[in-house]
Amino acid sequence: MLKVGDKLPEFEGFNQDGETVTSSKLIGKKLVVFFYPQANTPTCTVEACNLSDNYTKLKKAGFQLLGISGDSVKKQKNFHSKFAFPYDLIADENRNIIEKFGVWQEKKTFGKTYMGIVRTTFIFDENGICTRVIEKVTSKTAAEQILEG
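Residues numbered from 1 in each chain as written. Predicted model: local features only at pLDDT ≥ 70, side-chain atom pairs only at ≥ 80, totals over all residues. Heavy atoms only, no water.

Colleague: Which residues make up the packing of aromatic side chains, and what are the values?
Modeller: Evaluated as defined, the whole model comprises 13 aromatic pairs. Arranged with centres 5.0 Å apart and planes meeting at 75°, the rings of Phe79 and Phe85 form a pair that is edge-to-face. On the accessibility criterion, Phe85 (4% relative accessible area) is buried. With a centroid separation of 5.3 Å and 15° between ring planes, the pair formed by Phe85 and Tyr87 is classed as stacked. Like Phe85, the residue Tyr87 is buried in the burial classification. In textbook terms, an aromatic cluster arises when at least three aromatic residues are bridged by ring pairs, as seen for Phe34, Tyr36, Tyr55, Phe79, Phe83, Phe85 and Tyr87. The side chain of Lys30 reaches across the aromatic face of Phe63, ending 4.7 Å from its centre. Over the ring of Tyr114 we find Lys112, and its NZ or CZ is 6.0 Å from the ring centre. (Phe/Tyr/Trp six-rings, centres within 6.5 Å; stacked < 30°, edge-to-face > 60°. Buried < 20%, exposed > 50% of the residue type's maximum accessible area, 1.4 Å probe, protein only. Lys NZ or Arg CZ within 6 Å of the ring centre and 35° of its normal.)

Read these as layout, nothing more, since geometry by itself doesn't imply function.
And the structure:
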């Protein structure tokens with residue numbers, strides 16, 4: 001998994017509108033990249049809505065936001081439209097970005113072991129250097145966790 005001091009990996013992905021988003025264009029402002037397991041699921045919705053509800057505070061603190069999951073562009077579009085998120089969601093179906101950040105890991109739920117996205121938030125400075133990794137994301141207070149750093 002990416003750690004503090006690491007550089008923002010180079011990546012390219014499609015947002016909810018099918019437009020290309022490249023990591024090189026995200027340098028210059030503080031950046032929050034949050035990975036979530038699946039669009040429109042209860043916990044992921046709580047996290048994404050908390051970030052949306054606190055978007056003004058996050059923006060005032062100088063952050064730009066980017067959400068990433070392994071969902072399709074269509075699923076991201078539905079999720080984005082349903083809640084009118086003010087930030088982009090990236091569809092990473094082939095897991096290129098997910099694996100570059102190291103969040104595709106073994107998970108356990110109800111005694112069942114499987115591979116999946118570990119909910120993680122990465123914070124980068126204006127130069128694209130990771131300044132913080134939040135591994136224990138609390139969906140209901142995701143924005144506060146970012147702002148307390």
